[in-house]
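Structural characterization, general
What follows is each chain in one-letter form.
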Amino acid sequence: MSNHRKAYLEITDRCNLRCSFCAGTDRPPYSLTEAEFSLLADRLRPWAEYLYYHLMGEPTAHPLLPRFLDIATEMGFKSIITTNGTLLPSRGDAIIAARPHKISISLHAFEANDLKTPFDEYVGGCVDFAKKAADSGIIVVFRLWNLDGRGEGALNEKNGLIMQLLRDQFPTPWEKIRSGEKLLDKVFLEWGEKFDWPEIDGPILQEAGFCYALRDQIGVLCDGTVVPCCLDRNGDLALGNLFESSLAEILASPRAKAIYDGFTHRKCTADLCRRCMRASYY
């Protein structure tokens, strides 16, 4: 497989947390079976090289995640997991044994919830997992996607404490990279600004813009609904259902072609895209 496209295959829309920065979903709770995952992944295989395991939901909460990783590897995918990190102490070893390509841990999840787990214990569990995973050749990225001025404001008041704990565990100086720092071979820290989820009934932000939706990425909700990107949390831009149709048929639909052709000409043709702050970033 020679492309670098990303497919977001939501294995569950359930999450063990309720992060203040996450819009959640209005869809009923559901988790894929092994047969359903295998079918959907197989239909995505000709289009994408990298397979992500979320749109909504916490992938590590799915009991079949290690099995799904094995299936995806057999199909030739490079698997990437994004997690809040809370379940890594109990489920991390099984995930490492399944050898995903990369795991991103959203450390800003702690302050976005009223967690009973002590702060040091939470970060320590994520760090212990990262070291084990890196030793197995797995890329680990600690995420702090909560910036409105580094270390300032209510949304990122824990960043200073997180940084101190990371410095205690990973010797400095760290190597600067484009989006953050390299802490260790295979272990990275990535900064990002907080963003607002697009809402279909929200204010229009732009009519013109470009996005890599349907070019570089595509999403599949756990009911099989195909959407243009990973931010369509409720399937507002549903293009078809991958349980019922091939991906080629879905991408050839009038709605999919209109979105793709619109971005080719730097136009946001879909209602959700006009309300997405990301469309103007590309």
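Residues numbered from 1 in each chain as written. Predicted model: local features only at pLDDT ≥ 70, side-chain atom pairs only at ≥ 80, totals over all residues. Heavy atoms only, no water.

Taken as a whole, this structure holds eight aromatic pairs when the rule is applied. Ring geometry for Y8 and Y52: centres 4.4 Å apart, planes at 20°, overall stacked. With a gap of 44 residues between them, Y8 in strand β1 (residues 6–9) and Y52 in strand β2 (residues 50–52) connect regions that are remote in the sequence. Exposure class is identical for Y8 and Y52. Each is buried. Pairwise contacts between aromatic rings join F37, Y53 and F68 into one cluster. Just above the ring of W145 sits the side chain of R143; from NZ or CZ to the centre is 3.9 Å. (Phe/Tyr/Trp six-rings, centres within 6.5 Å; stacked < 30°, edge-to-face > 60°. Helix = DSSP H or I, 4+ residues; strand = E, 2+ residues; numbered from the N terminus. Buried < 20%, exposed > 50% of the residue type's maximum accessible area, 1.4 Å probe, protein only. Lys NZ or Arg CZ within 6 Å of the ring centre and 35° of its normal.)

Further remarks concern the packing of helix α1 (residues 34–44) against helix α2 (residues 65–75). Relative orientation of the contacting elements α1 and α2 amounts to 30°, with a least axis distance of 10 Å. Taken as axis vectors, α1 and α2 run roughly parallel relative to one another. The hand of the α1/α2 crossing is right-handed. On α2, the residues touching E34, F37, S38, A41 and D42 of α1 are R67, F68, I71, A72 and M75. A per-class count over the contact of α1 with α2 returns six nonpolar, one polar and three charged. (Axes fitted to C-alpha atoms, helices over the stretch in contact; angles between N-to-C directions. Parallel < 35°, antiparallel > 145°, perpendicular 65-115°, else oblique. Left-handed = near helix turned anticlockwise from the far one by under 90°. Contact = heavy atoms within 4.5 Å. Nonpolar A, V, L, I, M, F, W, Y, C, P; charged D, E, K, R; others polar.)

This brings us to the pattern of salt bridges. Here the structure, examined in full by the defined rule, presents 12 salt bridges. The residue E10 makes a salt bridge to R27 at a minimum N-O spacing of 2.8 Å. Separated by 17 residues along the polypeptide, E10 in the loop between β1 and α1 and R27 in the loop between β1 and α1 bring together distant segments of the chain. With respect to class, E10 is no different from R27; both count as buried. (Salt bridge = Lys/Arg side-chain N within 4 Å of Asp/Glu carboxyl O.)

What follows concerns the sheet that holds strand β5 (residues 139–147). Within a sheet, neighbouring strands are paired by backbone hydrogen bonds and run either parallel or antiparallel to one another. If you trace the 11 strands from one edge of the open sheet to the other, you get β6-β7-β8-β5-β4-β3-β2-β1-β9-β10-β11, paired in mixed fashion. What marks the edges here is a single partner per strand, and that holds for β6 (175–177) and β11 (240–241). Pairing of β1 with strand β9 (residues 217–220), which is carried by four bridges, proceeds in the parallel orientation. Considered in β9, the bridge of Y8 is made with G219. α1 rests against β1, β2 and β9 of the sheet, and its axis sits at about 160° to β1. On the sheet, helix α5 (residues 159–169) packs against β5, β7 (180–184) and β8 (187–193) and is oriented at approximately 155° with respect to β5. (Pairing = 2+ DSSP bridges.)

In this section: the confidence of the model for the protein. Model confidence for the protein is summarised by a mean pLDDT of 91, while 94% of its residues fall at 70 or above. Considering only residues more than four positions removed or in separate chains, one finds that residues 149–155, a stretch of pLDDT under 50, has 10 contacts. (pLDDT = per-residue confidence, 0-100.)

What follows is about the side chain of Q217. Following the sequence through the fold, Q217 ends up in strand β9. With relative accessibility at 9%, the residue Q217 sits in the buried group. Polar side-chain contacts of Q217 include one of 2.9 Å to the backbone nitrogen of C230. If we ignore the near neighbours within four places in the chain, the residues touching Q217 are K6, Y8, W47, Y212, P228, C229 and C230. (Polar contact = N/O pair within 3.5 Å; in protein donor to acceptor, adjacent residues only side chain to side chain.)

To continue, consider helix α4 (residues 119–135). Given a rise of 1.5 Å per residue, 17 residues ought to cover 24 Å, and the 25 Å separating the end C-alpha atoms of α4 matches this to within 8%. Within the span of α4, buried status applies to F119, Y122, V123, G125, C126, V127, F129, A130, A133 and A134. Those residues of α4 that are buried are in contact with α3 (88–97), β4 (102–106), β5, α5 and β8. After α4 finishes, the residue G137 shows a positive phi value of roughly 90°. (Expected span 1.5 Å × (residues − 1).)

As for its placement among the helices and strands, I218 is situated in strand β9. Taking C-alpha positions, I218 is 10.0 Å from L251, a pair spaced 33 residues apart along the chain.

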